[in-house]
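# Observations on chain architecture
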Amino acid sequence: MFVVIGYIVVVGALLGGYVGAGGHVGVLVQPFEFLIIFGGAVGAFIVSNSPKVLKAVLRGLGGVFKGSKYTKTFYLETLTLLNNIFVKIRQQGLLAIEADIDNPSQSPIFSAAPNVLADHHAVEFITDYLRLMVAGNFDVHQVDNLMDLEIETHHEEEHLPIGALSRLADGLPAFGIIAAVMGVVHTMGSVGKPPAELGELIGAALVGTFLGILLSYGFIGPLVGLMEQKLAESTKYYQSIKAGFIASMNGYAPPVAVEFARKVMFSAERPLFAELEEHLKNNKQ
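First, a word on what this report is: a plain description of the structure on this page. Computed from a prediction, not measured in an experiment: that's the story for all the values here.

### A word on helix α9 (residues 120-135)
- The end-to-end C-alpha separation of α9 is 22 Å, in line with the 22 Å expected for 16 residues at 1.5 Å each.
- Considered for burial, the residues of α9 that qualify are Ala122, Val123, Phe125, Ile126, Thr127, Tyr129, Leu130 and Met133.
- Close packing links the buried residues of α9 with α5 (72-92), α6 (98-102), α7 (108-111), α8 (114-117), α10 (140-188) and α11 (195-249).
- Backbone nitrogen of histidine 121 and a side-chain oxygen of the N-cap are separated by 3.1 Å at the start of α9; the cap is aspartate 119.

### Looking at helix α4 (residues 51-64)
- With 14 residues, α4 extends 20 Å from end C-alpha to end C-alpha; this agrees with the ideal 20 Å at 1.5 Å per step.
- Burial in α4 covers these residues: Val53, Ala56, Val57 and Val64. The buried residues of α4 occupy one face: seen down the axis, they fall within an arc of 105 degrees. For α4, exposure combined with an orientation more than 90 degrees from the buried face picks out Pro51, Lys52, Lys55, Leu58 and Arg59.
- Packed against the buried residues of α4 are α1 (2-20), α3 (31-47), α10 and α11.

### Notes on a nonpolar patch on the surface
- A grouping of Met1, Phe2, Ile5 and Val9 is seen on the molecular surface, where their side chains present a nonpolar patch of about 490 Å² in accessible area.
- Position of isoleucine 5 among the secondary structure elements: in helix α1.
- Judged by its relative accessible area of 39%, isoleucine 5 is partly exposed.

### Focus on the packing of α1 against α11
- Running from N to C, α1 and α11 cross one another at 160 degrees; their axes reach a closest spacing of 11 Å. Our classification of the angle between α1 and α11 gives roughly antiparallel. With respect to the hand of their crossing, α1 and α11 are arranged in right-handed fashion. From α1, Val3, Tyr7, Val10, Val11 and Leu14 reach across to α11, where they touch Leu214, Gly218, Phe219, Leu223 and Leu226.
- Residues that form the contact of α1 with α11 fall into these classes: 9 nonpolar, 1 polar and no charged.

### Here we look at the pattern of salt bridges
- Applying the stated criterion across every chain, the model contains 7 salt bridges.
- Lysine 88 is paired through a salt bridge with aspartate 100; the nearest N and O atoms lie 2.8 Å apart. One end of the pair, lysine 88, is in helix α5; the other, aspartate 100, is in helix α6, and 12 residues separate them in sequence.
- In this structure, aspartate 128 engages arginine 131 in a salt bridge whose closest nitrogen and oxygen atoms are separated by 3.1 Å. With a gap of 3 residues between them, aspartate 128 and arginine 131 both fall in helix α9, about one helical turn apart.
- Look at aspartate 128 and you get partly exposed, because its relative accessible area is 29%.
- Salt bridges linked by common partners bring Asp144, Asp148 and Lys242 together as one network.

### What about the nonpolar core?
- Ile85, Ile126, Tyr237 and Phe245 are the most contacted members of the largest nonpolar core, which totals 39 residues.
- Those elements giving two or more residues to this core turn out to be α5, α7, α9, α10, α11, α12 (254-264) and α13 (273-282).
- Ranked by residue count, the leading element in this core is α5, at 9 residues.
- Ala179, Leu223, Val224 and Leu231 belong to the second-largest nonpolar core, a separate cluster that totals 26 residues.

### Things to note about the environment of leucine 54
- With respect to the element layout, leucine 54 can be found in helix α4.
- Residue leucine 54 is classed as partly exposed on the basis of its relative accessible area, which comes to 22%.
- Taking C-alpha positions, leucine 54 is 9.8 Å from leucine 165, a pair spaced 111 residues apart along the chain.
- When sequence neighbours within four positions are dropped, the list of residues in contact with leucine 54 reads Phe45, Ile46 and Asn49.

Cut-offs applied
- Residues numbered from 1 in each chain as written.
- Predicted model: local features only at pLDDT ≥ 70, side-chain atom pairs only at ≥ 80, totals over all residues.
- Heavy atoms only, no water.
- Helix = DSSP H or I, 4+ residues; strand = E, 2+ residues; numbered from the N terminus.
- Expected span 1.5 Å × (residues − 1).
- Buried < 20%, exposed > 50% of the residue type's maximum accessible area, 1.4 Å probe, protein only.
- Contact = heavy atoms within 4.5 Å.
- Polar contact = N/O pair within 3.5 Å; in protein donor to acceptor, adjacent residues only side chain to side chain.
- Arc of directions from axis to C-beta.
- Patch = residues over 30% accessible without salt bridge, like charges linked within 9 Å, V, L, I, M, F, W, Y side chains within 5 Å.
- Areas by Shrake-Rupley, 256 points an atom, 1.4 Å probe, with all protein chains shown as cover.
- Salt bridge = Lys/Arg side-chain N within 4 Å of Asp/Glu carboxyl O.
- Axes fitted to C-alpha atoms, helices over the stretch in contact; angles between N-to-C directions.
- Parallel < 35°, antiparallel > 145°, perpendicular 65-115°, else oblique.
- Left-handed = near helix turned anticlockwise from the far one by under 90°.
- Nonpolar A, V, L, I, M, F, W, Y, C, P; charged D, E, K, R; others polar.
- Core = buried A, V, L, I, M, F, W, Y, C linked by side-chain atoms within 4.5 Å.

Quick look at the structure:
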């Protein structure tokens, strides 16, 4: 919703200022200029990215029009899930958690956190490290390093479509200049026409530069910034889970381990200590 509102503000401010200054909107309607700019940029975009990245871009663009799932409610669910897992391990041993790991959808612990359960990446991240803990006596530092590497890999992989869109945004002004130059070439080939017609041709050529810059800084560039913010939220989420796991493996009590995870979260979504304590009391397994 905010993306659409932002686009409306961009277009409204530009057209409002242009019309208010006496400009004619019809001059801006140059479909062939748009074809040259956008078509050329999309073609270069396809050439410069692998099919995997192109698919990731489409998925990423679909996500920018949705609100962030990393809300306080989502974090409370995650922290409660971790607490219940750590409590069960402490009371019944690591082997008691095997059934929950093998089939999270049928696990009472995971089912109590439906929003987390719906995120298969989060479930996979949690269950994989629980499986490692069950499988053998791993050194805490090894698990800590492995988690860092996996989170770094996740960040790099999710940044690929962001980098691709960023390059597209950077290239659009250049394609706008190409369209403008082609318009000037067309105008120079029509020097025998009346001044009024030449003025229209020059105006159409300059619209190319305008469109290239507008598409870059008014539309594609802001999407890149939003996707980067969403990636930062995702990375921080996994870092908070990691902090809880490492604290638990170091022998801290479940509430303390969960507090380690809470403190890593961004302050805007981080639940207060009292909120978390109340949530844990109300959602004991």
